Structure formats: C-alpha cells, structure tokens
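Listed below are the residues making up each chain.
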Amino acid sequence: MRELECGSPSLLGIDIGGTKLAAVVGDENGTVIERSEAPTPRLPGSDWRMAALILVELARDVCARAGIATKAVSGIGISCGGPLDSVRGIVLNPPNLPGWRDAPICDFLAGRLGNASIVLENDANATAIAEHRWGAGQGSSSLAYLTFGTGMGAGLILNGCLYQGKRDLAGEIGHAVVDPNGPLCLCGKRGCLEAIASGGALDRVAREHLGDDATAATICERARRGDAQCLGFVDAAARGLGTGIANLLHTLDLEVVILGSLAVKAGDLFLEPVRRYAEEYTWPSIYAGVRIIAAGLGSEAQDKAALALASSAVSRRTETRLD
Ligand SMILES: [Zn+2]
C-alpha cells in the first residue's frame, strides 16, 4: 500500500556535513521542494545530541514550509561522512565531525520525527545511489562514484544494488596504494590514491610548489593557460586516478565511473588524461564501452543524495511488509 502518490513531497533528506547541517523535503523524482540549513556546531566533549536537536528543528521547519506533517513523511534518509554502521543506524567517529562518537542518530530521530523508516549511509554511497537514480549513472547497472573532493571515497552500485561490504567499508578506494613510493597519506600509508589524486593532494602540491595561498584551483587555472609545470601536476594526478580506475574496472567490470567535485569543476582538463591512462592500464575487452564521466547532479548533489536514501527507506519498508 502506498501512503502517498508518487511525485508528492513525502521524502525527508538529512545531510550531516562538517560545516553545515541540512534538511530537505522532496519527491520520488529527486526534486527538492523545500530546504533548511544551519552551521554544524563545534561540539564540546562528545555531545552530538546538540547537533541532532538542530536537525530535528530543521526537519520540522522544512516539513512545515512544504506543507506536510512530519508524521506524513514516508521515508527519511540521512547522509553523513563515514565511518558509520548503516545496519544499526549509528555514526561511529567521522574525522570531520568531532563530538560524534557512536551516535545512534536513527533512533534519536525516529523518536522525534514520526514513524517513517530511516536509512543512514555515508555520503559517497548516498551520492552513488542518487547519481544512479537521477544523475550521470541513469540506465546503468554497475557503477562507481568517486568523490574526488578533499578526500577520495567511492560508492559502488553493483547489479543495481548498493554494495557496502561486510563492515560498511567497501569503496575505500582512496586508500588503495597506486604508488608504494608516493607521498605519505593522512591514513599513515604511502602512495594511496587519495594522497596522489584528490583535491587535498593537489592543494598540498600547490602549497609546496606554488606558494602558501595556492590550491588545486590554482593548478587547474594555470594548467588551462598552458603552464607546463601545472600540466605536469594534473598529469601525475590523472595517472594515479587512471591507475585506480583501471584496478576498479579489472575487479568489478563496471559500465560507468562517475567522478565528483574536482572533475565537475575542472572538466576535460582532468577527464581526458584520466580516460587515457585508464584505457592504457585496462584490458581492451574490459575497457570497451566504459564511460568515465563527471557527476551530473550539480549543486544539489548532497540534497538529492539524502533524498535518494529516503526513497530507499520507503522501498525497504515496502519490502519488509511483503515479507
Ligand atoms: Zn591512505
């Protein structure tokens, strides 16, 4: 039994980020109807509840503005940086959210926002679902979404389903070693993909070679103007990313690889060399037909990611009823 018609604003998405908290109401097409946000409080001690109470207020506010009662919400999706326990609905200890330690956010919100089912996923997985459903991955059955932001995480959709692994740790491609002699990674290993090909890695290269104020954007800007040194930095990052993608393709035989943040901003400056290296390092039979493309959801990606989880929450409840 469907409680609300398809297209009605019945989904509540919640995004827990290092700098902002957001709540959105939307529909099964991924359309954002209303949105509220607030800065993420810097928490003393381990009091994640302060932020969670702000989320409750944001959710109530956004529902009121969308004209629905919180008890009429059909599914709630929470997108949050990992690590987390999606089965038990617990945020474990994300490095960008000090104060969030073993926080049972799903139970906390369930008691305050009606009786809708709730899904919690890390932001890379959530965005992978959204890109598969409404973005650059539409129509494909197996894809990887690589965040390519400050860090490098991945969400994997395999045979149409999100693949989380046995402990919610699938998709940690950012810490696959692509150069054992490469730069030190924040995780302590050397030559991780994230240390070579991510916004954070390029920020570091920019600071070391171009000055304290330089960033990944500086490298891209100069590379576009033909600066040989910066083209070299882009090429080195693209080579690392192409290596990582080739390993993914050989392991998973994917149809689409979607690159987020930096690839969206830099476009073909990165995409072309990444495709070239990925093709060079992948068997032709595996590379044939593969698309390596920029993410398609633009500035609403995080909102739509949370809505995609909310939609999954509705499906999960329907499946449970059928059981
Ligand atoms: Zn690492």
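Quick caveat, the model's predicted, so the values are computed rather than measured. (Residues numbered from 1 in each chain as written. Predicted model: local features only at pLDDT ≥ 70, side-chain atom pairs only at ≥ 80, totals over all residues. Heavy atoms only, no water.)

(A) Quick peek at the side chain of serine 142. With respect to the helices, strands and loops of the structure, serine 142 is situated in the loop between α3 (123–134) and β8 (143–146). Once you skip the residues sitting within four places of it in the chain, serine 142 turns out to touch Ile157, Leu158, Asn159, Leu254, Glu255 and Val256. (Helix = DSSP H or I, 4+ residues; strand = E, 2+ residues; numbered from the N terminus. Contact = heavy atoms within 4.5 Å.)

(B) Just the confidence of the model for the chain, in detail. Of the residues in the chain, 94% reach a pLDDT of 70 or more, and the chain-wide mean stands at 93. Counting interchain partners and residues more than four positions distant, the pLDDT-below-50 stretch residues 1–6 has seven contacts. (pLDDT = per-residue confidence, 0-100.)

(C) Quick look at the nonpolar core. Core analysis: the largest hydrophobic core is formed by 43 residues, its most contacted members being Leu146, Ile219, Leu241, Ile245, Leu259, Phe270 and Ile292. Ranked by residue count, the leading element in this core is helix α7 (residues 228–252), at nine residues. Setting aside residues no more than four positions away along its own chain, isoleucine 219 makes contact with Leu202, Val205, Ala206, Leu210, Cys230, Phe233 and Val234. (Core = buried A, V, L, I, M, F, W, Y, C linked by side-chain atoms within 4.5 Å. Buried < 20%, exposed > 50% of the residue type's maximum accessible area, 1.4 Å probe, protein only.)

(D) Representation of the pattern of salt bridges within the structure. Under the definition given, this model contains twelve salt bridges. One salt bridge in this structure joins arginine 88 and aspartate 85, with 2.8 Å as the shortest N-O distance. Two residues, arginine 275 and aspartate 268, come together in a salt bridge whose shortest N-O distance is 4.0 Å. Where salt bridges share partners, they join Glu34, Asp61 and Arg65 into one cluster. (Salt bridge = Lys/Arg side-chain N within 4 Å of Asp/Glu carboxyl O.)

(E) Representation of the coordination of the zinc ion in the model. Only His175 (ND1), Cys185 (SG), Cys187 (SG) and Cys192 (SG) from the protein reach the zinc ion as donors, at distances of 2.1 to 2.4 Å. Considering all four donor atoms around the zinc ion, angles at the metal cover 105 to 120° and the coordination shape is tetrahedral. When the donor residues of the zinc ion are listed from N- to C-terminus, their spacing reads H-x9-C-x1-C-x4-C. Here cysteine 187 falls in the partly exposed class, since its relative accessible area comes to 42%. On the basis of relative accessibility, which here comes to 0%, the residue cysteine 192 falls in the buried class. (Donors = N, O, S within 2.8 Å, 3.2 Å for Na, K, Ca; no water. Tetrahedral: all angles 85-135°; square planar, octahedral: opposite > 155°, others 65-115°.)

(F) Representation of the sheet that holds strand β4 (residues 75–80) in the model. Strand order across the open sheet formed by five strands is β3-β2-β1-β4-β7, with mixed pairing between neighbours. Edge strands, defined here as strands with exactly one partner in the open sheet, are β3 (32–39) and β7 (117–122). This sheet shows a mean twist of 15° between the axes of neighbouring strands, independent of strand direction. The strands touched by helix α1 (residues 49–66) are β1 (11–16), β2 (20–26) and β3; relative to β2, the strand with the most contacts, the crossing angle is about 30°. (Pairing = 2+ DSSP bridges. Axes fitted to C-alpha atoms, helices over the stretch in contact; angles between N-to-C directions.)

(G) Local environment of the packing of helix α5 (residues 199–210) against α7. Viewed as axis vectors pointing N to C, α5 and α7 meet at an angle of 150°, and their least axial separation amounts to 11 Å. What the angle tells us is that α5 and α7 run roughly antiparallel. For the pair α5 and α7, the sense of crossing is right-handed. Residue-level inspection shows Leu202, Val205, His209 and Leu210 of α5 in contact with α7, the latter providing Gln229, Cys230, Phe233 and Ala237. Residues belonging to the contact of α5 with α7 are distributed by class as follows: six nonpolar, two polar and no charged. (Parallel < 35°, antiparallel > 145°, perpendicular 65-115°, else oblique. Left-handed = near helix turned anticlockwise from the far one by under 90°. Nonpolar A, V, L, I, M, F, W, Y, C, P; charged D, E, K, R; others polar.)

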